[in-house]
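Given next are the chains, with one letter for each unit.
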Amino acid sequence: MLSHISASLSHTSSTTTASFLLRRGPSLRPKFPFCPYKPSKFQKQHRFVFSSMDSAATVDSVANDLKKQSLKGTENVDISSKLNIEELNWDNSFVRELPGDPRSDSIPREVLHACYTKVLPSVKVDNPQLVAWSESVAELLELDPKEFERPDFPFIFSGASPLVGAMPYAQNYGGHQFGMWAGQLGDGRAITLGEILNSKSQRWELQLKGAGKTPYSRFADGLAVLRSSIREFLCSEAMHSLGIPTTRALCLVTTGKDVLRDMFYDGNPKDEPGAIVCRVAQSFLRFGSYQLHASRGKKDLEIVRALADYAIRYHFPHLENMTRSGSISFNTGEEDNSAVDLTTNKYAAWAVEVAERTASMIARWQGVGFTHGVMNTDNMSVLGLTIDYGPFGFLDAFDPSFTPNTTDLPGRRYCFANQPDVGLWNIAQFTSALSTAELLNDKEADYAMESYGNKFMDDYQAIMTRKLGLAKYNKKLIGELLKNMAIDKVDYTNFFRLLSNIKADPTIPEDQLLIPLKAVLLDIGEERKEAWASWVKAYIQELSTTGVSDEERKVSMNSVNPKYILRNYLCQTAIDVAEQGDFGEVRQLLKVMQCPFDEQPGMEKYTRLPPAWAYRPGVCMLSCSS
């Protein structure tokens with residue numbers, strides 16, 4: 001019998017405990033509700049109304065026309081130099097190698113036996129404007145930053161002007177939403193333009209979010225508004241600067257057209273400025289990309305395999321030609337002492353790597369206090385990237401039960417403390433889809449989930465050890481710290497930043513122990529001061545055994561504890577002025593968030609605690625509304 005793994009974020013039995021428990025036995029599959037492991041469990045799903053109406057201008061015809069318009073004389077261009085937009089090297093492997101929808105209209109419907117539908121951006125624009133851009137993302141694409149100055153740039157990256165070489169499509173996928181199987185979902189307002197290959201043979205997909213209807217839009221309009229687009233653009237780039245795997249954002253443009261939205265779902269819609277973000281990632285494949293086809297019976301199981309082969313070929317190529325190695329084999333713990341070598345099944349090795357990348361990403365979320373808010377399986381990247389920024393939030397006052405999503409309030413399924421467990425639950429759904437397609441056996445699927453648990457705990461413990469400047473992980477010390485922080489609602493980011501000011505000097509008088517933390521230990525009584533003083537003494541004692549100087553430890557701690565995080569109220573401040581046509585604060589906030597660990601003199605206002613107005617609905621907590 002395999003032993004149990006049990007760990008927690010705060011190691012207490014109180015309601016603030018963020019438990020992370022992997023139950024392991026003869027089968028490592030957790031007994032989660034709504035966790036289908038047989039194809040029959042997937043069959044009952046919503047059916048969409050079909051229509052035979054086709055788009056007047058098909059994607060293929062436009063793409064062919066654009067190919068004919070390719071600039072002459074570019075064959076010998078040195079692609080290691082900075083490129084203009086027309087010189088970008090398009091590949092379109094997703095469309096070329098995977099089965100597609102024979103139709104190319106955007107009428108909402110169920111799309112069968114296809115990974116995508118070719119569809120053109122249809123958003124209407126009126127004098128679109130460039131709000132913000134990322135030169136570091138342009139560098140990935142080897143795009144000349146001067147291209148941002150082009151008058152036609154906002155037209156191109158709103159989708160109003162087609163791109164030479166692009167072959168736009170919307171991806172078809174399904175997923176579990178709040179634990180319930182939702183059937184077909186797909187890109188309802190995101191249209192992928194295609195893939196760019198740079199001179200290093202790196203592959204980058206460009207996607208316009210808010211570019212118009214697709215077959216997966218259901219009853220929505222396929223559009224996006226400025227407020228959510230600003231949040232997505234800024235957080236994509238802020239997370240990258242924090243060292244967290246994420247999709248990126250090349251640019252943000254307004255459309256010049258209003259979009260009707262009911263932000264609070266209370267029957268009071270209003271017009272808001274429309275906008276589009278150009279998202280960039282190596283791939284936008286999701287757990288739900290595999291789940292949908294696994295749910296549709298025998299005919300679609302080959303699509304699961306084709307999608308897995310595609311992901312491995314282009315994004316996990318090291319798994320294609322593995323050699324047998326005892327270093328990646330494992331004992332199942334069964335009575336027959338059977339062992340499985342992952343090199344005999346590339347899909348098993350891939351599932352383990354997906355699980356470990358996911359675990360590492362979520363451990364990093366926990367380290368900086370990030371709460372995704374909508375960890376549905378259709379929002380989980382197979383590359384281990386943070387994807388789909390909706391009602392996200394960074395912790396202000398430390399509260400393990402914090403969720404930034406108003407839709408999540410009843411059960412707080414996706415609260416900060418639950419993210420590690422939800423990650424495991426989602427991996428169970430992913431491996432289930434692969435098992436249904438007979439790419440994994442039960443032992444391999446179980447091992448992927450076990451690997452998730454081990455990787456999460458290894459990474460989380462390493463992160464917390466570095467955040468505190470310790471030589472080794474101290475479960476008791478860290479558990480007591482998180483308990484104290486939860487009781488006193490201490491600001492998560494500012495506390496860890498100030499913690500580096502504590503000196504490893506056991507002779508410091510007791511009445512001076514809390515001076516370095518004075519700015520974050522606000523309005524606490526004598527009893528709580530004693531509790532904190534006791535913890536600081538234990539912390540100093542632990543530091544004194546490391547042999548590291550105070551100066552060296554401070555530099556190390558400040559390199560992992562950010563001074564600046566994208567608090568929701570900072571986003572809202574930028575949104576308020578941007579909606580009036582002033583984009584300066586969006587650009588300034590981007591600049592600050594690109595250097596989150598630096599002191600940045602003069603920018604201290606971006607470290608302040610949220611003001612009273614920040615706790616109103618629509619600021620500290622948001623809905624899934626676009």
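Residues numbered from 1 in each chain as written. Predicted model: local features only at pLDDT ≥ 70, side-chain atom pairs only at ≥ 80, totals over all residues. Heavy atoms only, no water.

- As recorded by an unreviewed UniProt entry, the protein carries the name Selenoprotein O and is attributed to Nicotiana tabacum.
- Note on the protein: under the UniProt heading Cofactor (unreviewed entry), the record states "Mg(2+)".
- The record in UniProt for the protein states the following under Sequence similarities (unreviewed entry): "Belongs to the SELO family." (UniProt positions renumbered as here; feature names shortened; annotations may be inferred.)

## Structural notes on the pattern of salt bridges
- For the structure on display, the rule yields 33 salt bridges.
- Across the pair Arg203 and Glu195 runs a salt bridge, and its minimum N-O distance is 2.6 Å. For the pair Arg203 and Glu195, a shared accessibility class is recorded, and that class is buried.
- Between Asp396 and Arg567 there is a salt bridge, with the nearest N and O atoms lying 2.6 Å from each other. Here the residue Asp396 occupies a position in the loop between strand E15 (393-394) and helix H9 (419-436), and Arg567 occupies one in the loop between helix H14 (550-558) and helix H15 (568-578), the gap between them amounting to 171 residues.
- In this structure, a network of salt bridges that share partners links the residues Asp91, Arg96, Glu97, Glu195, Arg203 and Arg313. (Salt bridge = Lys/Arg side-chain N within 4 Å of Asp/Glu carboxyl O. Buried < 20%, exposed > 50% of the residue type's maximum accessible area, 1.4 Å probe, protein only. Helix = DSSP H or I, 4+ residues; strand = E, 2+ residues; numbered from the N terminus.)

## Notes on the packing of aromatic side chains
- Taken as a whole and assessed by the stated rule, the structure comprises 29 aromatic pairs.
- Ring plane angle 55 degrees and centroid distance 4.9 Å describe the contact between Tyr310 and Tyr314, whose orientation is recorded as tilted. Placement of both Tyr310 and Tyr314 in helix H7 (residues 298-315) is noted, with a separation of 4 residues, approximately one turn of the helix.
- In this structure Tyr310 comes out as buried when scored by relative accessible area, which is 0%.
- Owing to a relative accessible area of 23%, Tyr314 belongs among the partly exposed residues under this scheme.
- Each ring, one from Phe316 and one from Trp350, has its centre 6.2 Å from the other, and the planes form 75 degrees; the classification is edge-to-face. Of this pair, Phe316 sits in the loop between H7 and strand E12 (329-331) while Trp350 is found in helix H8 (residues 346-368), placing the two residues 34 residues apart along the sequence.
- Relative accessible area serves as the criterion here: at 0%, Phe316 is assigned to the buried category. (Phe/Tyr/Trp six-rings, centres within 6.5 Å; stacked < 30°, edge-to-face > 60°.)

## A few points about the packing of helix H5 (residues 226-241) against helix H16 (residues 584-593)
- Here H5 crosses H16 at 15 degrees, and the two axes come no closer than 9 Å. With respect to each other, H5 and H16 are oriented roughly parallel. Relative to H16, H5 is oriented so that their crossing is right-handed. Contacts between H5 and H16 involve Ile230, Phe233, Leu234, Glu237, Ala238 and Ser241 from the first element and Val586, Leu589, Leu590 and Met593 from the second. (Axes fitted to C-alpha atoms, helices over the stretch in contact; angles between N-to-C directions. Parallel < 35°, antiparallel > 145°, perpendicular 65-115°, else oblique. Left-handed = near helix turned anticlockwise from the far one by under 90°. Contact = heavy atoms within 4.5 Å.)

## Quick notes on the nonpolar core
- The biggest cluster of nonpolar side chains holds 132 residues, and the ones touching the most others in it are Tyr290 and Trp350.
- Per-element accounting of this core gives the leading share, 14 residues, to H8.
- Leu88, Val119, Phe148 and Val253 belong to the second largest nonpolar core, which has 34 residues in total. (Core = buried A, V, L, I, M, F, W, Y, C linked by side-chain atoms within 4.5 Å.)

## A few points about the packing of H5 against H15
- Two elements in contact, H5 and H15, have axes separated by 10 Å at closest approach and are oriented at 130 degrees. One element, H5, and the other, H15, form an angle in the oblique class. Viewed along their axes, H5 and H15 form a crossing whose handedness is right-handed. Along its contact with H5, which presents Leu226, Arg227, Ile230, Arg231 and Leu234, the element H15 presents Asn568, Cys571, Ala574, Ile575 and Ala578.

## Observations regarding the environment of Ile387
- Along the chain, Ile387 turns up in the loop between strand E14 (370-371) and E15.
- Sequence-wise, Ile387 and Arg286 are 101 residues apart; in three dimensions their C-alpha atoms are separated by 9.1 Å.
- The contact partners of Ile387, leaving out residues within four places of it in the chain, are Thr247, Phe284, Arg286, His372, Asn379, Met380 and Ser381.

## A short note on H14
- For H14, the full list of buried residues reads Asp550, Arg553, Met557 and Asn558. The arc that holds every buried residue of H14, seen down its axis, measures 125 degrees, which confines them to one face. Exposed residues lying more than 90 degrees from the buried face of H14 are Glu551, Glu552 and Val555.
- Of the surrounding secondary structure, the elements contacted by the buried residues of H14 are helix H10 (442-467), helix H12 (492-499) and helix H13 (526-543). (Arc of directions from axis to C-beta.)

## Quick word on the state of the cysteines
- Under the defined criterion, the tally for this structure stands at 0 disulfides.
- The cysteine Cys278 is free of any disulfide, with Cys251 supplying the nearest cysteine sulfur at 4.8 Å.
- Given the relative accessible area of 0%, Cys278 is considered buried. (Disulfide = S-S within 2.5 Å.)

## Concerning the environment of Thr403
- As for its position among the elements, Thr403 is in the loop between E15 and H9.
- Separated by 217 residues in sequence, Thr403 and Cys620 have C-alpha atoms that sit 9.5 Å apart.
- Not counting the four nearest positions on each side in its chain, Thr403 is found in contact with Asp408, Leu409, Arg412, Tyr414, Cys415 and Met621.
- At 2.9 Å, the side chain of Thr403 forms a polar contact with the side chain of Asp408. (Polar contact = N/O pair within 3.5 Å; in protein donor to acceptor, adjacent residues only side chain to side chain.)

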